[in-house]
Amino acid sequence: MTKFKTHILVCGGTGCTASLSDKIAKNLKDNLADKGLENEVQVILTGCFGFCEKGPIVKIMPDNTFYTEVKPEDAKEIIEEHIVKGRKVTRLLYTDPETKEHIADSKHMGFYKKQLRIALRNCGFIDPENIEEYIANDGYEALAKCLTEYTPEQVIDIIKKSGLRGRGGAGFPTGIKWEIASKNHADQKYIVCNADEGDPGAFMDRSILEGDPNSIIEAMAIGGYAIGATKGLVYIRAEYPLAIHRLEVAIKQAREYGLLGKNIFGSTFDFDIELRYGAGAFVCGEETALIHSMEGKRGEPTFKPPFPAQSGYLEKPTNVNNVETFANIPIIILKGADWFSSIGTEKSKGTKVFALAGQINNVGLIEIPMGTTLREIIYEIGGGIKNGRKFKAVQTGGPSGGCLTEKHLDVAIDYDSLMAAGSMMGSGGMVVMDETSCMVSIAKFYLDFTVEESCGKCTPCRIGNKRLYEILDKITQGKGTMEDLDNLRNLSKVIKDTALCGLGQTSPNPVLSTIDNFWDEYVEHVQEHKCRAGVCKALMKYVIDPNVCVGCTACARNCPVNAIKGERKSAHEINQDACIKCGTCIEKCKFGAISIK
Amino acid sequence: MAQIKTLADLQALKKVAHEKMDTRIKGNTSGLPQIRIAMATVGIAAGAKEIFDYFLEQADAEGLNVVVTQTGVIKDGNCQPVVVELALTEGECQVFENVDKKKADEILDMLKH
Ligand SMILES: Cc1cc2nc3c(=O)[nH]c(=O)nc-3n(C[C@H](O)[C@H](O)[C@H](O)COP(=O)(O)O)c2cc1C
């Protein structure tokens, strides 16, 4: 066998694929063939590298050269220069935003320096459609170890000792969950992987499934062995076609090798996995709703108890874990509970994957040890706020979470500190906002989402959230009263206390946290009819300064609703009743005569 | 496809798969020594490619944990290739000129202790 001297890794995640990374891979292969190098250089489509801001990413190994924003037509130059002549293609290298220097080696990029990749260990490194590459990186060794060396109780013990907590939102200790499920006896039990990932903007679970599907299969088998389940189900949203495809390929290959099926590793343990597709409802990520949806019933939650561990899928004991929770399992078995629990904080062990989004320089997928501060994430990994603007808030926990401010930047993040600060870990969405974000509008955005996604089964969530939304809308229209602010608070508390499931119990969090942290901004909207971020259109007024206006008529000619009147060569005026605040006039005025008041 | 029925089966498959990925895995490991061969036009004309292959084969045969990569011009205005750079640790590196197989063996020997 001739060994490939160089490996070219091309990101094949959903994001980079949308920017034609499969075409890039094909062009690289074609150009290699032209040069007769197809047996010396291997091109591999991998999962996500995380640095989505600058995708598509192409990485050359073993020298770790990291090319960003690559286009299909760059393939020729990469082969001719880098591969044939050994010269890096400087224009495609990542440029450090501060030093303006090109950084060739990804190990030296600020984005990666503070990261610790455990759940994402194989993403962007192996070919997810080739089980052998997973095996080359210790894949299925943890399962072998469990089946041949450990009893189910010992496996549960390791997970308990590791301190791993669920990554799907609530942070329940995984080992304890497994223990409860293992103690409920039944002729059939189920282990379920929750790959619903309904938080807006979140793509952690999708990236793991696209980049390292075998790690989830192996972990589910380990979990199945631990609790005594022979059947695994992955509940995955149908909008994730690439993740579904990679999972299907991985399951097929695992079956061919006998890593799924009967008598795995010569033991008496049988295990297999099936996929179940979700239609993309947020509430179906809630475990009881998820189970009902898998049973072909309406995706509505039911009261707990009974917990799924007692009576879940088809009324059998069922253990539900999140994708990222599973991704941590094999490596904990291999490296041990002590290794895992040495990472992180007192009560939150290991790492957490976040989807970093919003007004930040390095948008992407990151994995950091628990205990990293928001400041480190935003300024070191995230490269700071876009366009040199000022940081205002960071939203974590999605629709169930809250907005944190400047004063929280040095909080060492883990489940408990985020909760104490009025937000939550959630599944790992992190949206960074600058001064151009209006916090009332942000709260309204999340409530709009919850109203849309509420299943309607319980009254507090169905009607309460709608009322919250209406009050917020009134405030953004400049029609709110101070009494409305009190009502927001009170109603929020009632919904939290009385809603049936986690959706309603957490949906007022975006409202409460913005009221607590941005009280002045709410008051400004109510009392001064002012939106300091310039977002609430109803509170804005476009005015023409008659001393600066030369009467060129550009604004009047371009106004889509003919709201601007005036004689040529004399000052113009905006009819406020007709104005729709689209901003066209400001754009067209060459004299800076128009401003927002 | 042969079924995997024991840990030994898995490890046998792992060994083969690991070898195929060797280049990538070494590149991903921090702190390995590096051998960089200048492979610009002049270097290639002077036989840098053969030396590059030789380094790879020998490192493999001897089971040396080293990253072998190609690079551009190491020494400006050098018309007497083949030029090779050896970095035992990051930062510190030695440059060798006119490297042939014999000299390559000497460089590889330096990695053995
Ligand atoms: C409205 C709502 C949506 C949820 N969505 C998800 C989801 O998309 N993915 C997920 O893993 N857990 C989600 N959960 C949490 C699950 O109910 C459950 O706690 C989790 O899957 C358990 O896995 P873990 O212990 O590994 O975190 C959601 C909960 C609620 C209330």
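Numbering of residues starts from 1 in each chain and follows the order in which that chain's sequence is written. Chains carry letters from A onward and ligands carry numbers from 1 onward, assigned in written order. pLDDT decides what is reported in this predicted model: residues at 70 or higher carry local features, side-chain atom pairs at 80 or more are listed and counted, and totals for whole chains, interfaces and linings draw on all residues regardless. In computing side-chain values, all of the structure's heavy atoms are included and hydrogens and water are not.

With respect to the overall build of chain A
So, point 1. Secondary structure elements follow DSSP: runs of H or I no shorter than four residues count as helices, runs of E no shorter than two count as strands, and numbering proceeds from the N terminus. Helix and strand counts for chain A stand at 24 helices and 19 strands.
So, point 2. Seen through its C-alpha atoms, chain A measures out along the principal axes to roughly 90 × 65 × 40 Å.
So, point 3. For every residue, the accessible area obtained with a 1.4 Å probe (protein chains only) is divided by the maximum for its type, and the residue is called buried under 20%, exposed over 50%, and partly exposed between those limits. For chain A, buried positions account for 59% of its 597 residues.
So, point 4. Contacts in chain A between residues at least 24 apart in sequence constitute 70% of all its contacts with a sequence separation of at least 6.
So, point 5. Shrake-Rupley sampling with a 1.4 Å probe provides the accessible areas, and residues are treated as covered by the protein chains on show and by no other component. As displayed, chain A has an accessible area near 23600 Å², and 50% of this comes from carbon and sulfur atoms.
So, point 6. Only four residue types enter the tally: Lys and Arg on the positive side, Asp and Glu on the negative side, with His and both chain ends excluded. In plain terms, the charge of a residue is placed at NZ if it is Lys, CZ if Arg, CG if Asp and CD if Glu. Computed over 72 positive and 77 negative side-chain charges, the separation of the two mean positions in chain A equals 4 Å. Whether two residues touch is decided by their heavy atoms; if any such pair falls within 4.5 Å, the residues are in contact.

What to know about the interface of chain B and chain A
So, point 1. Each partner contributes residues to the interface: chain B has 39 residues there, and chain A has 44 residues.
So, point 2. What gets called buried area is simply the loss in accessible area from a 1.4 Å probe that two parts show on being joined, summed for both. With both chains or domains summed, chain B and chain A bury close to 3500 Å², and 57% of this area falls on carbon and sulfur atoms.
So, point 3. Here, a salt bridge means any Lys or Arg side-chain nitrogen found within 4 Å of an Asp or Glu carboxyl oxygen. Inspection of the chain B/chain A interface yields six salt bridges.
So, point 4. Here B:Asp53 makes a salt bridge to A:Lys5, at a shortest N to O gap of 3.2 Å.
So, point 5. A 3.5 Å cut-off defines polar contacts: any pair of N or O atoms within that distance qualifies, except that in protein one atom must be a possible hydrogen donor and the other a possible acceptor, and neighbouring residues in sequence count only when both atoms are side-chain atoms. One can count 17 residue pairs in polar contact (both at pLDDT 80 or more) joining chain B with chain A.
So, point 6. Mapped onto the side of chain B that touches chain A, the elements with two or more residues apiece are α1 (7-28), α2 (41-45), α3 (48-61) and β2 (67-71) of chain B.
So, point 7. For this scheme, ten residues count as nonpolar: Ala, Val, Leu, Ile, Met, Phe, Trp, Tyr, Cys and Pro. Four count as charged, namely Asp, Glu, Lys and Arg, and the remainder, Gly too, count as polar. Classifying every residue of the side of chain B that touches chain A by side-chain character gives 16 nonpolar, 13 polar and ten charged.

Overview of the nonpolar core
Soluble globular proteins tend to pack their nonpolar side chains together in the buried interior.
So, point 1. Judged by nonpolar contacts, the single largest core of 114 residues is most densely connected at A:Tyr140, A:Trp178 and A:Ile333.
So, point 2. Here this core takes nine residues from helix α10 (residues 213-227) of chain A, the largest share from any one element.
So, point 3. In contact with A:Trp178, other than residues within four places in its own chain, are A:Val155, A:Ile156, A:Ile159, A:Ile222, A:Gly223, A:Ala226, A:Ile227, A:Asn319, A:Asn321, A:Phe326 and A:Ile329.
So, point 4. Side-chain atoms within 4.5 Å link the members of a nonpolar core, which is a set of buried Ala, Val, Leu, Ile, Met, Phe, Trp, Tyr and Cys residues. Counting residues in hydrophobic clusters, the runner-up holds 22 residues, among them B:Leu56, B:Val84, B:Ile107 and B:Leu111.

Thoughts on the pairing of strand β10 (residues 318-322) of chain A
Residues and elements named next belong to chain A.
So, point 1. For β10, the buried fraction is high: five of the five residues fall into the buried class.
So, point 2. The alternating pattern of β10 places Thr318, Val320 and Asn322 and Asn319 and Asn321 on opposite faces, both of which are buried.
So, point 3. Two strands are counted as paired when DSSP detects at least two bridges linking them. Across five bridges, strand β7 (residues 190-195) lies against β10 in parallel orientation. Among the inter-strand pairings, Asn194 is bridged to a residue of β10, identified as Asn322.

Looking at the site of the ligand
Residue and element names in this part refer to chain A.
So, point 1. Residue proximity to a molecule or strand is established when one non-hydrogen atom of the residue lies within 4 Å of it. Neighbouring the ligand are 18 residues, the closest being Gly168, Lys177, Asn321, Asn322 and Thr325.
So, point 2. Here Lys177 contributes a side-chain N or O atom positioned 2.9 Å from an oxygen atom of the ligand.
So, point 3. Within the backbone of Gly285, one N or O atom sits 3.2 Å away from a nitrogen atom of the ligand.
So, point 4. In the complex, the protein chains occlude 90% of the 610 Å² of accessible area that the ligand would expose alone.
So, point 5. Broken down by secondary-structure element, the contributors of at least two residues to the shell around the ligand are β10 and α20 (502-506).
So, point 6. Per-element tally for the shell around the ligand: the top contributor is β10, with three residues.
So, point 7. Looking at the shell around the ligand residue by residue, the classes come out as three nonpolar, nine polar and six charged.

Looking at helix α9 (residues 204-211) of chain A
An α-helical turn contains 3.6 residues, so a residue and the one three or four places further along point in the same direction.
So, point 1. Buried residues dominate α9(A), accounting for eight of its eight residues.
So, point 2. Burial in α9(A) covers these residues: A:Met204, A:Asp205, A:Arg206, A:Ser207, A:Ile208, A:Leu209, A:Glu210 and A:Gly211.

A look at the pattern of salt bridges
Residue and element names in this part refer to chain A.
So, point 1. Counted by the stated rule, this structure contains 51 salt bridges over all chains.
So, point 2. A salt bridge links Glu470 to Arg467; its shortest N-O distance comes to 2.8 Å. In this pair, Glu470 and Arg467 are both assigned in helix α18 (residues 459-476), three residues apart and thus about one turn of the helix distant.
So, point 3. Put simply, Arg532 and Glu524 hold a salt bridge, and the shortest N to O gap is 3.1 Å.
So, point 4. For Glu524, a relative accessible area of 12% puts it in the buried group.

What about the packing of helix α8 (residues 174-183) of chain A against α10(A)?
All names here are of chain A.
So, point 1. All axes are obtained by fitting lines to C-alpha atoms, using only the stretch in contact for helices, and the reported angles, taken between N-to-C directions, cover 0 to 180 degrees. Interaxial distance between α8 and α10 falls to 8 Å at its minimum, and their mutual angle equals 50°. As summarised for this structure, α8 and α10 are arranged oblique, according to the angle between their axes. Listed contacts from α10 to Trp178, Ala181 and Ser182 of α8 are Ile222, Gly223, Ala226 and Ile227.
So, point 2. Split into classes, the residues belonging to the contact of α8 with α10 amount to five nonpolar, two polar and no charged. Any angle from 65 to 115 degrees is called roughly perpendicular, while one under 35 is roughly parallel, one over 145 is roughly antiparallel, and all others are oblique.

Some remarks on the sheet that holds strand β14 (residues 402-405) of chain A
All names here are of chain A.
So, point 1. Here we have five strands laid out as an open sheet, ordered β12-β11-β15-β13-β14, and mixed in their pairing. Each edge of the open sheet carries a strand with a single partner, namely β12 (364-369) and β14. Across this sheet, the average inter-strand angle for adjacent strands is 30°, counted without regard to direction.
So, point 2. Bridge count between strand β13 (residues 391-396) and strand β15 (residues 429-434): five bridges; the pairing is antiparallel. If you follow Ala393 over to β15, its bridge partner there is Met433.

Focus on the side chain of A:His408
So, point 1. Tracing the backbone shows A:His408 in the loop between β14 and α16 (415-420).
So, point 2. Filtering out sequence-adjacent residues up to four positions away, A:His408 remains in contact with A:Leu374, A:Ala421 and A:Asn517.

Focus on the state of the cysteines
Think of a disulfide as a covalent bridge from one cysteine sulfur atom to another cysteine sulfur atom.
Residue and element names in this part refer to chain A.
So, point 1. Cysteine sulfur atoms that pair up within 2.5 Å are treated as a disulfide. Enumeration over the complete set of coordinates arrives at zero disulfides over all chains.
So, point 2. Free cysteine: Cys582, not disulfide-bonded; nearest cysteine sulfur from Cys559 at 6.2 Å.
So, point 3. For Cys582, a relative accessible area of 40% translates into the label partly exposed.

What about the domain arrangement of chain A?
Residue and element names in this part refer to chain A.
So, point 1. Segment limits for the domains were obtained from an automatic or database-derived domain assignment. When cut into domains, chain A gives domain 1 (6-113), domain 2 (131-341), domain 3 (351-434), domain 4 (439-528) and domain 5 (541-596).
So, point 2. Here the C-alpha centre of domain 4 lies 22 Å away from the C-alpha centre of domain 3.
So, point 3. The junction of domain 3 with domain 4 conceals about 1100 Å² of combined surface from both sides, 61% of it contributed by carbon and sulfur atoms.
So, point 4. Inspection of the domain 3/domain 4 interface yields one salt bridge.
So, point 5. With a closest N to O distance of 3.1 Å, Lys392 and Glu521 form a salt bridge.
So, point 6. The interface formed by domain 3 and domain 4 includes seven residue pairs in polar contact (both at pLDDT 80 or more).

Thoughts on the packing of aromatic side chains
Residues and elements named next belong to chain A.
So, point 1. When two rings of Phe, Tyr or Trp (its six-membered ring) have centres within 6.5 Å they constitute a pair, described as stacked for plane angles under 30 degrees, edge-to-face for angles over 60, and tilted for the intermediate range. Inspection of the entire model under this criterion finds 13 aromatic pairs over all chains.
So, point 2. Summarising the aromatic geometry, the rings of Tyr134 and Tyr140 are spaced 5.4 Å apart at their centres and angled 85° between planes, so their arrangement reads as edge-to-face. Tyr140 matches Tyr134 in its accessibility class, with the two residues each being buried.
So, point 3. Should the NZ of a Lys or the CZ of an Arg lie within 6 Å of a ring centre and within 35 degrees of the ring normal, that charge is described as sitting over the ring. Cation over ring: Arg206 sits above Tyr240, and NZ or CZ is 5.9 Å from the ring centre.

Focus on a nonpolar patch on the surface
Residues and elements named next belong to chain A.
So, point 1. Each patch is built from residues that are more than 30% exposed by relative accessible area and take part in no salt bridge. Like charges join if they lie within 9 Å; nonpolar side chains (Val, Leu, Ile, Met, Phe, Trp, Tyr) join within 5 Å. Taken together, Phe172, Ile176 and Ile180 make up a surface patch of nonpolar side chains, about 250 Å² in accessible area.
So, point 2. Its place among the elements puts Ile180 in helix α8.
So, point 3. Ile180 sits in the partly exposed class, given a relative accessible area of 40%.

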